[in-house]
Amino acid sequence: MAEKINLSENMFSQIREKEIFIRAKDHAFDYIDNIFKRNVYPTEQAIENLVIFDEKFPDLSCSPKLIIDLMHEYGSPATVSITGGRYFGFVNGGVIPTSLAAKLLADFWDQNSVLYVTSPIASKLESVVEKWLVDIFRLPENTVAGFVSGTSSATLCGLAAARYRMFSRLGWDFNAKGFINAPKIRIITGSHEHSTVFKMISILGFGKDNTEIVNTDCQGKIVPGEIPDLDESTILILQAGNVNSGSFDEFDEICEKANRANAWVHIDGAFGLWAAGSEKLKYLTKGIEKANSWSVDCHKTLNAPYDSGIILCKDKDALISSLQNVGSYIILSNERDGMLYTPEMSRRARSIELWAALKYLGRDGLDELITGLHKRAVQFANELKENEFEILNDVVFNQVLVSCGTDNLTKKTLKFIQEMRVCWCGSAQWLDKFVIRISVCSWATTQDDIAESVRSFVRARKMAMIN
Ligand SMILES: *Cc1c(COP(=O)(O)O)cnc(C)c1O
């Protein structure tokens, strides 16, 4: 039976004794000790056991120890092991240990990175990381960065900045007047753009049906010759890393055309922009510096902890104006005030673990990480081909699309792969086929992990053929 306790006394003692933090640490260490061995996806039993959490909001306080233990006993087994080496679903990055440790320490700081005055350390590291990212991606020197939750938000910011700039060129103050009676601006993108691009197009009020859609080729790349005439009230959205095939648009050629027309180019580079950090793969990003804004995730290819996306924008005034926020209590400084570059005010200080990830890797390590993901993806594709699976995309980056011949056999095979839990992959509809979709996105994936996963593919197909 829970009983009424003196809460503040209890919390002071939790800080003093540190027992629950030690307990949480022990559980966390137990979890990572098993991360490379455990089943990649939770068992049905582990998922069923989650009913333990279904209870009415409790009347009384609960013992801290019990809470932490409950998490480990029932939560840990119901996690998806994306920090292990054999998770290939979506484009979910693993996590760099140093970055995780930095986050752990920063969690104790519990900083709010809204302004310089609320956290000088978070502000400092935002400034540092901003410069490093501009360097890594070889973007124009005056490019600024906003630290948001992911690429969805980053794309929202990039398109908001573009919208602000397009309208201001037409003499229209969008922030004051909005879309009602506004002059027309155009928005153009490829038919294979990520769903979040269309989501942001609708949230921002452009309307999906008003979007001019350009045809794409068999890899999902925009066909440059099919792009309609551009002008200075046009926003063009390109892609670095198609979420299924991993393909990259022809930035150099397309951006030059856009620059001549003074159109705004936004690049969704959620995971693909990082190709710029690999000597071997940077050819894929040739010409990206000719765009106006870029969105990228750090929780995918870079393997920083989750909740880390960046909007990069060459037009600082447009970005800040589109995300404007004023109030008499807001104390702006001569240093970096993070909220000027994001839709949110209060934000956790994600710049800290991001800085740690980049500082740990350095230019060499970043190259090794990115090139390594590509190598493992190529190994995966080659070994699957040797075992008579069909590979439907050019493996230019870290994505592999697999078919077993017929959609029916592919579907059944995937079901067995997922049930065996040796590895985990999702699916997609690619052109006219159902495909198993592989994304190699963790530093922890070894050659052996790939070989073991291929064996599980072969076993699953065998089971699919007799069932
Ligand atoms: C993952 C992804 C997004 C969405 O990014 P979030 O970080 O999940 O918001 C957008 N575009 C592409 C190409 C992606 O891979």
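Treat the numbers as computed from the prediction; the structure is a model and nothing was measured.

Undergrad: Quick question: what am I supposed to make of the overall build of the protein here?
TA: When its secondary structure is counted, the protein shows 14 helices and 11 strands. What you see for the protein is a C-alpha radius of gyration of 24 Å, in line with the 23 Å of a compact globule of 467 residues. In terms of overall dimensions, the protein has C-alpha extents of about 65 × 65 × 45 Å along its principal axes. Burial statistics for the protein: of 467 residues in total, 53% are counted as buried. Counting every atom, the protein has about 21900 Å² of accessible surface; 54% of that belongs to carbon and sulfur. For the protein, the separation between the mean place of its 51 positive charges and that of its 59 negative charges on side chains is 1 Å.

Undergrad: Got a minute to help me understand the pattern of salt bridges in this structure?
TA: When the charged atoms of two side chains lie near each other, side chains of opposite charge can form a pair. Using the criterion set out here, one finds 24 salt bridges in the structure. D449 is paired through a salt bridge with R86; the nearest N and O atoms lie 3.0 Å apart. Of this pair, D449 sits in helix α14 (residues 447-466) while R86 sits in the loop between α4 (64-75) and α5 (97-109), and the two are 363 residues apart along the sequence. Neither residue differs from the other here; D449 and R86 are each classed as buried.

Undergrad: Just to check I follow, could you spell out the site of the ligand for this structure?
TA: Around the ligand sit 13 residues in total, of which T151, S152, D268, D297 and K300 are the nearest. The separation between an oxygen atom of the ligand and a polar side-chain atom of S152 is 2.5 Å. Contact with the protein chains covers 85% of the free accessible surface of the ligand, which is 380 Å². A per-class count over the shell around the ligand returns three nonpolar, seven polar and three charged.

Undergrad: Before we go on, may I ask you to explain the domain arrangement of the protein in this structure?
TA: Interface size is commonly expressed as the accessible surface area that is lost when the partners come together. For the protein, the assigned domains are domain 1 (16-76), domain 2 (101-357) and domain 3 (362-466). The C-alpha-based centres of domain 2 and domain 3 are spaced at 30 Å. Taken together, the contact between domain 2 and domain 3 spans 28 residues of the former and 23 residues of the latter. For the pair domain 2 and domain 3, the two sides together bury roughly 2100 Å², of which 62% comes from carbon and sulfur. Where domain 2 packs against domain 3, one counts one salt bridge. For R363, the salt bridge identified is with D135, shortest N-O distance 2.9 Å. Remark: the boundary between domain 2 and domain 3 carries 10 residue pairs in polar contact (both at pLDDT 80 or more). In the side of domain 2 that touches domain 3, the residues fall into 11 nonpolar, 13 polar and four charged.

Undergrad: Whenever I open this one, the sheet that holds strand β9 (residues 399-403) confuses me. Can you help?
TA: Hydrogen bonds along the backbone pair up the strands of a sheet, which may run parallel or antiparallel. Across the sheet, four strands lie side by side as β8-β9-β11-β10; this open sheet has antiparallel pairing. Each of the sheet's edge strands pairs with one partner strand only, and the pair in question is β8 (390-391) and β10 (426-430). In this structure, β9 lies alongside strand β11 (residues 433-439), joined through four bridges in antiparallel fashion. When the sheet's bridge partners are listed, Q399 is paired in β11 with S439. Along the sheet, helix α13 (residues 407-420) contacts β9, β10 and β11; its crossing angle with β11, the most-contacted strand, is approximately 35 degrees.

Undergrad: Where do I start with the nonpolar core in this structure?
TA: Note on soluble globular proteins: their nonpolar side chains tend to be buried together. With 52 residues, the main nonpolar core has F137, I267, W274 and L302 as its most contacted residues. If you list the elements that add at least two residues to this core, you get α6 (120-136), β1 (144-148), β4 (234-239), α10 (251-261), β5 (264-268), β6 (293-297), β7 (309-313) and α12 (351-386). Sort the elements by how many residues they give to this core and α12 lands first, with seven residues. Residues from two domains meet in this core; each of domain 2 (101-357) and domain 3 (362-466) gives at least three.

Undergrad: Any chance you could explain the sheet that holds β6 here in plain terms?
TA: Spatially, β1-β7-β6-β5-β4-β2-β3 is the arrangement adopted by the seven strands of the open sheet, whose pairing is mixed. Of all the strands in the sheet, the pair left with one neighbour each is β1 and β3 (212-214). Strand-to-strand twist across the sheet, computed as the mean angle between neighbouring axes with direction ignored, equals 20 degrees. Sheet analysis places β4 next to β5, joined by five bridges and oriented parallel. Each bridged residue has a counterpart across the sheet, and for L236 the counterpart in β5 is V265. Running at roughly 180 degrees to β5, helix α7 (residues 151-169) makes contact with β1, β4, β5, β6 and β7 of the sheet. Contacts from helix α9 (residues 195-203) reach β2 (186-190), β3, β4 and β5 within the one sheet, and its direction differs from that of β2 by about 165 degrees.

Cut-offs applied
Residues numbered from 1 in each chain as written. Predicted model: local features only at pLDDT ≥ 70, side-chain atom pairs only at ≥ 80, totals over all residues. Heavy atoms only, no water. Helix = DSSP H or I, 4+ residues; strand = E, 2+ residues; numbered from the N terminus. Rg over C-alpha atoms; globule rule 2.2 N^0.38 Å. Buried < 20%, exposed > 50% of the residue type's maximum accessible area, 1.4 Å probe, protein only. Areas by Shrake-Rupley, 256 points an atom, 1.4 Å probe, with all protein chains shown as cover. Lys, Arg positive; Asp, Glu negative; His and termini not counted. Charge placed at Lys NZ, Arg CZ, Asp CG, Glu CD. Salt bridge = Lys/Arg side-chain N within 4 Å of Asp/Glu carboxyl O. Near = heavy atom within 4 Å. Polar contact = N/O pair within 3.5 Å; in protein donor to acceptor, adjacent residues only side chain to side chain. Nonpolar A, V, L, I, M, F, W, Y, C, P; charged D, E, K, R; others polar. Domains from an automatic or database assignment. Contact = heavy atoms within 4.5 Å. Buried area = accessible area lost by both parts, 1.4 Å probe. Pairing = 2+ DSSP bridges. Axes fitted to C-alpha atoms, helices over the stretch in contact; angles between N-to-C directions. Core = buried A, V, L, I, M, F, W, Y, C linked by side-chain atoms within 4.5 Å.

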